[in-house]
Amino acid sequence: MVGISSASVFYFLYRNPEMLMAKNWDEFGELADNSRDQKYVWGFPAYHAVMLSAILYIWLV
């Protein structure tokens, strides 16, 4: 579950590798504000539906 839910964040960091080289949190925040493809941090709508159904399946079954 953790691997699936963090896939969009890992893809975001793959697209913005300079964020991994930040020396402190302030620099990281600046790079995050100016980064590209910020939509990948939250995933796409179908991703949320799949995650919700997976969580409900695990919880209810």
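Quick caveat: nothing in here was measured; it's all calculated off a predicted structure.

Focus: the packing of aromatic side chains
(1) Moving on: This structure, assessed with the given rule, holds two aromatic pairs.
(2) Moving on: Seen in terms of ring centroids, Trp25 and Phe28 are 5.6 Å apart; in terms of plane orientation they differ by 80°. Their pairing is edge-to-face. Highlighted residues: Trp25 and Phe28, both in helix 3 (residues 25-33), separated by three residues, approximately one helical turn.

Observations concerning the environment of Ser8
(1) Moving on: Of note, Ser8 is situated in helix 2 (residues 7-15).
(2) Moving on: Once the C-alpha coordinates of Ser8 and Tyr47 are considered, the two residues, 39 residues apart in sequence, prove to be 9.3 Å apart.

A few points about the confidence of the model for the protein chain
(1) Moving on: Chain-level statistics for the protein chain give a pLDDT mean of 81 and a share of 82% at 70 or above.
(2) Moving on: Confidence, expressed as mean pLDDT per element, reaches its minimum in the protein chain at helix 1 (residues 2-5) with 64 and its maximum at helix 3 with 89.

With respect to the environment of Asn16
(1) Moving on: We classify Asn16 as buried; its relative accessible area is 2%.
(2) Moving on: Residues Asn16 and Ala32 lie 16 residues apart in sequence; the distance between their C-alpha atoms is 8.7 Å.
(3) Moving on: What Asn16 contacts, discounting residues up to four positions off in sequence, is Ser35 and Arg36.

The rules behind these values
Residues numbered from 1 in each chain as written. Predicted model: local features only at pLDDT ≥ 70, side-chain atom pairs only at ≥ 80, totals over all residues. Heavy atoms only, no water. Phe/Tyr/Trp six-rings, centres within 6.5 Å; stacked < 30°, edge-to-face > 60°. Helix = DSSP H or I, 4+ residues; strand = E, 2+ residues; numbered from the N terminus. pLDDT = per-residue confidence, 0-100. Buried < 20%, exposed > 50% of the residue type's maximum accessible area, 1.4 Å probe, protein only. Contact = heavy atoms within 4.5 Å.

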